[in-house]
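Architecture at a glance
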There are 2 protein chains.
Amino acid sequence: MTDDCIFCKIGRREIEGDIVDHDDIVFVLRDINPQAPVHLLVVPYEHLGSLTEIDEGNAGLMGRMVLMANRAARLEGVAKSGYRLTINCGKEGAQSVGHLHMHVLGGRQLSGQLG
Amino acid sequence: MTDDCIFCKIGRREIEGDIVDHDDIVFVLRDINPQAPVHLLVVPYEHLGSLTEIDEGNAGLMGRMVLMANRAARLEGVAKSGYRLTINCGKEGAQSVGHLHMHVLGGRQLSGQLG
């Protein structure tokens with residue numbers, strides 16, 4: 001947890017975010033600049049700066065994030081039509097917030113172009 | 001394992017693929033139509049049709065896939081410059097092969113447009 005991280009602040013409910021689901025490990029937030037009818041972010045409460053901080057010791061978190069992403073896809077009605085999970089890492093990966101998060105996009109035909 | 005799945009066949013070394021890394025659970029393959037200087041696929045040996053087949057029982061696989069993706073990013077020299085992990089699921093997710101796989105893209109500035 002860090003004082004100046006927007007996702008930490010949203011996770012602590014210090015600032016408002018459109019949280020649609022959560023468990024004790026992660027919360028699921030609607031992206032404020034959606035690129036598709038469904039655009040959610042799966043965010044761990046724990047502050048991890050990026051994907052490069054995932055190692056043998058905390059890799060289980062990735063499974064938890066995917067389970068919550070799959071649940072979100074079902075709740076949003078896109079599990080059968082299709083969806084995409086993306087994690088951006090670092091500058092060339094276009095990571096926009098320095099707190100690990102997974103995008104869930106769906107609700108329209110997504111391009112085969114991945115960025 | 002299925003007889004007519006191209007990733008199963010590559011995993012069994014029945015047909016050629018540019019496999020750059022593997023462990024006992026997943027293999028890492030260079031995409032034949034790369035969208036970036038680094039474009040790899042992390043593929044489990046086990047045949048799972050898509051992301052929707054991930055549940056509490058096999059979610060640990062996702063951690064293993066991310067660890068291998070992170071290792072691939074380091075080996076390819078993009079861990080510091082940045083990279084992106086993407087899993088496409090279903091028709092609107094633009095999933096192209098019916099065997100779960102994770103894209104690893106890097107080596108150039110990726111767009112913030114996720115598809």
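Everything in this summary refers to the structure shown in the same document. Treat the numbers as computed from the prediction; the structure is a model and nothing was measured. (Residues numbered from 1 in each chain as written. Chains lettered and ligands numbered in written order. Predicted model: local features only at pLDDT ≥ 70, side-chain atom pairs only at ≥ 80, totals over all residues. Heavy atoms only, no water.)

1. What about the packing of aromatic side chains?
All names here are of chain A. Rules: Aromatic pairing here means that ring centres of Phe, Tyr or Trp (its six-membered ring) are within 6.5 Å. Orientation follows from the plane angle: under 30 degrees is stacked, over 60 is edge-to-face, and everything else is tilted. Only DSSP runs of H or I with at least four residues qualify as helices, and only runs of E with at least two residues qualify as strands; both kinds are numbered from the N terminus onward. Accessible area is worked out with a 1.4 Å probe on protein chains only. A residue is then buried under 20% of its type maximum, exposed over 50%, and partly exposed in between.
Under the counting rule described, the total for this entry stands at two aromatic pairs over all chains. Relative to Tyr45, the ring of Phe27 lies with its centre 5.0 Å away and its plane at 45°, an arrangement referred to as tilted. Linking Phe27 in strand S2 (residues 26-30) with Tyr45 in the loop between strand S3 (38-44) and helix H2 (60-75), this pair joins segments that are 18 residues apart in sequence. On the basis of relative accessibility, which here comes to 24%, the residue Tyr45 falls in the partly exposed class.

2. A closer look at the packing of H2(A) against helix H2 (residues 60-75) of chain B
The condition that has to hold: Each axis is a line fitted through C-alpha atoms, taken for helices only over the stretch in contact, and angles between the N-to-C directions span 0 to 180 degrees. Here is the rule for angles: anything less than 35 degrees is roughly parallel, anything more than 145 is roughly antiparallel, 65 through 115 is roughly perpendicular, and the remaining ranges are oblique. Note on convention: near helix rotated counterclockwise from far helix by under a right angle means a left-handed crossing. Clockwise means right-handed. Contacts: residue pairs with any heavy atoms within 4.5 Å of one another. Ten residue types, Ala, Val, Leu, Ile, Met, Phe, Trp, Tyr, Cys and Pro, are classed as nonpolar, four, Asp, Glu, Lys and Arg, as charged, and the remainder, Gly among them, as polar.
One can describe the packing of H2(A) onto H2(B) by two numbers: an axis separation of 7 Å at closest approach and a directional angle of 120°. Here H2(A) lies oblique to H2(B), going by the angle between them. Every pair of crossing elements has a handedness; the one defined by H2(A) and H2(B) is right-handed. Along the contact surface, H2(A) presents Met62(A), Gly63(A) and Val66(A), while H2(B) presents Met62(B), Gly63(B) and Val66(B). For the contact of H2(A) with H2(B), a count of residues per class yields four nonpolar, two polar and no charged.

3. Re the interface of chain A and chain B
How we decide: Accessible area that two parts lose when put together, with a 1.4 Å probe and added across both, is what the buried area reports. A pairing counts as a salt bridge when a side-chain nitrogen of Lys or Arg comes within 4 Å of a carboxyl oxygen of Asp or Glu. Any pair of N or O atoms that falls within 3.5 Å is considered a polar contact. Within protein, one atom must be able to donate a hydrogen and the other to accept it, and sequence-neighbouring residues count only if both atoms are side-chain atoms. A pair of strands is considered paired only if DSSP assigns at least 2 bridges between the two.
Listed as interface residues are 39 residues of chain A and, on the opposing side, 39 residues of chain B. Where chain A abuts chain B, roughly 3,500 Å² becomes buried across the two surfaces, and 50% of that area is made up of carbon and sulfur atoms. Arg64(A) is paired through a salt bridge with Glu56(B); the nearest N and O atoms lie 3.4 Å apart. Joining chain A to chain B, the criterion identifies 31 residue pairs in polar contact (both at pLDDT 80 or more). For the side of chain A that touches chain B, the secondary structure elements donating two or more residues are H2, strand S4 (83-89) and strand S5 (102-106) of chain A. Ranked by the residues each element gives to the side of chain A that touches chain B, the list is headed by S4(A), at seven residues. Here the residues of the side of chain A that touches chain B are counted per class, giving 15 nonpolar, 17 polar and seven charged. As defined by bridge partners, S4(A) adjoins strand S4 (residues 83-89) of chain B across seven bridges and the pair is classed as antiparallel. Along S4(B), the bridge assignment pairs Thr86(A) with Thr86(B).

4. Describing unusual backbone geometry
Look at Arg13(A): it is not a glycine, yet its phi comes out positive at around 60°. Assignment of secondary structure puts Arg13(A) in the loop between helix H1 (6-11) and strand S1 (19-22). Positive phi is not limited to glycine here, since Ala94(B) has a value of about 65°. Here Ala94(B) lies in the loop between S4 and strand S5 (102-106).

The values reported here are purely geometric and, on their own, carry no functional implication.
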